[in-house]
Amino acid sequence: MKNRILFFLTFLLLASSSYSQTEFGIIFGLNTSRFTDEFRPVNGSYINSSSIGFSFGAFAEFNINEKINFYPKIIYNQIGDREKDFGNVERRGLDISTIDYKLDYISIPLNFKFFSKPYLTIGPQFGILISQNNESLDLGDLKSSFDIGGNLGIGYPIKDFRIEITFYQGFSTLLEVEKEFSDDIVDVRSTYLNFSIGYNLK
């Protein structure tokens, strides 16, 4: 399965390189990340300012027409709930807010970019797990080393630089955990908000 995904992505990038107007660059950013119960946020918020990770990688941009570009990236991504939460486990018991796994992925967003100043990005994202660190609780390994989701972002170019804010929501179930003091099942998925700066090399 992993080889098929990598083959497909390689083929897609090689096929896209036939476009005449092509840009390449590097990108660095910060993530504020946490888990959701399916698509339900923790206490009404998708943002956890105490759970911070880094991201860096490369991007390409292929012109399709005057308003739409294909905009793939390959990124090393630190996500998950990176805030150690043992005290809250003791007070509240097990729920989505007390699951604190640090997860590192190779993420591959396959976005389409609309307009120019500012621009919008939207598309699917594939993630390959490369590291898992269980903090306060060890609930076992993730159900899969793959994460699939979607992202939506906005950006603005300034000469050879680009500033972006992107929201990601995972569709894949990472863990299924029974809540303490109830029979409800927590469907653990990833979400994060990324702030990044890119630089055009070509």
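Residues numbered from 1 in each chain as written. Predicted model: local features only at pLDDT ≥ 70, side-chain atom pairs only at ≥ 80, totals over all residues. Heavy atoms only, no water.

Peer 1: Now, about the overall build of the protein: what can you tell me, with residues and values included?
Peer 2: Counting secondary structure elements, the protein contains two helices and nine strands. Ordered by position from the N terminus, the helices and strands of the protein form the series α-β-β-β-α-β-β-β-β-β-β. Per-residue burial for the protein yields a buried fraction of 47% across its 202 residues. A sequence separation of at least 24 residues applies to 66% of the contacts in the protein between residues at least 6 apart. In the structure as shown, the protein presents an accessible area of about 10,700 Å², 60% of it carried by carbon and sulfur atoms. (Helix = DSSP H or I, 4+ residues; strand = E, 2+ residues; numbered from the N terminus. Buried < 20%, exposed > 50% of the residue type's maximum accessible area, 1.4 Å probe, protein only. Contact = heavy atoms within 4.5 Å. Areas by Shrake-Rupley, 256 points an atom, 1.4 Å probe, with all protein chains shown as cover.)

Peer 1: Please provide a residue-by-residue account of the side chain of Asp81, values included.
Peer 2: Assignment of secondary structure puts Asp81 in the loop between β3 (68-80) and α2 (86-92). Look at Asp81: it is buried, it has no salt bridge, and the nearest opposite charge is Arg34 at 5.4 Å. With sequence-adjacent residues up to four places away left out, Asp81 is seen in contact with Ser33, Arg34, Phe35, Asn48, Ser51, Ser97, Ile99, Asp100, Tyr101 and Lys102. (Lys, Arg positive; Asp, Glu negative; His and termini not counted. Salt bridge = Lys/Arg side-chain N within 4 Å of Asp/Glu carboxyl O.)

Peer 1: Can you tell me about empty space enclosed by the protein, naming the residues and giving the values?
Peer 2: According to the stated counting rule, one finds two cavities of 30 Å³ or more in the structure shown. Looking at the largest cavity, its volume works out to about 150 Å³. Along the wall of the largest cavity there are 17 residues; nearest its centre are Lys73, Ile75, Thr166, Tyr192 and Asn194. Elements with a contribution of two residues or more to the lining of the largest cavity: β1 (22-37), β2 (52-63), β3, β4 (101-115), β5 (119-134) and β9 (185-200). Of the residues assigned to the lining of the largest cavity, the class counts are six nonpolar, ten polar and one charged. One number sums up the size of the second largest cavity: a volume of about 30 Å³. Counting only elements with at least two residues in the lining of the second largest cavity, the list comes to β4 and β5. With three residues, the top contributor of residues to the lining of the second largest cavity is β5. (1 Å grid on protein atoms, 1.4 Å probe; cavity = no way out; pocket = protein on both sides within 12 Å on 5 of 7 lines; lining within 4 Å. Points joined across faces, edges and corners; volume = space filled by probe spheres on them. Nonpolar A, V, L, I, M, F, W, Y, C, P; charged D, E, K, R; others polar.)

Peer 1: Run through the nonpolar core, naming residues and quoting values.
Peer 2: Counting residues in hydrophobic clusters, the biggest one holds 17 residues, and the most contacted among them are Phe35, Ile99, Leu103 and Leu142. Sequence-distant contacts of Phe35, defined by excluding residues within four places in its chain, comprise Val42, Gly80, Asp81, Ile96, Ile99, Tyr101, Leu103, Leu174, Val188, Arg189 and Ser190. Ranked by size, the runner-up nonpolar core spans five residues in total, among them Ala60, Phe70, Ile108 and Leu110. (Core = buried A, V, L, I, M, F, W, Y, C linked by side-chain atoms within 4.5 Å.)

Peer 1: How would you explain a nonpolar patch on the surface if you had to name every residue and give the values?
Peer 2: Residues Ile26, Phe28, Phe56, Tyr156, Ile158, Phe161, Ile163, Ile197, Tyr199 and Leu201 make up a contiguous nonpolar surface patch of roughly 960 Å² in combined accessible area. At the level of secondary structure, the elements contributing two or more residues to the nonpolar patch comprise β1, β6 (146-158), β7 (161-170) and β9. Tracing the backbone through its elements, the reader meets Ile158 in strand β6. (Patch = residues over 30% accessible without salt bridge, like charges linked within 9 Å, V, L, I, M, F, W, Y side chains within 5 Å.)

Peer 1: How would you summarise the pairing of β9 if you had to cite specific residues and measurements?
Peer 2: Within β9, twelve of the 16 residues are buried, which leaves the element mostly enclosed by the surrounding structure. Bridge count between β1 and β9: 13 bridges; the pairing is antiparallel. Residue pairing across strands places Asp37 opposite Val188, the latter belonging to β9. When strand β8 (residues 175-178) meets β9, the two strands line up antiparallel, connected through four bridges. In the strand pairing of β9, Val177 is matched with Val186. (Pairing = 2+ DSSP bridges.)

Peer 1: Can you explain the layout of surface pockets? Please cite residues and give values.
Peer 2: Here the largest pocket is characterised by a volume of approximately 230 Å³. Mapped by element, the contributors of at least two residues to the lining of the largest pocket are β3, β4 and β7. Classifying every residue of the lining of the largest pocket gives five nonpolar, three polar and nine charged.

Peer 1: How would you summarise the environment of Gly170 if you had to cite specific residues and measurements?
Peer 2: With respect to the secondary-structure elements, Gly170 resides in strand β7. With 20 residues separating them along the chain, Gly170 and Ser190 place their C-alpha atoms 5.0 Å apart. Discounting chain neighbours no more than four positions away, the residues touching Gly170 are Phe39, Asp147, Ile148, Gly149, Arg189 and Ser190.

These figures come from the coordinates and say nothing about function on their own.
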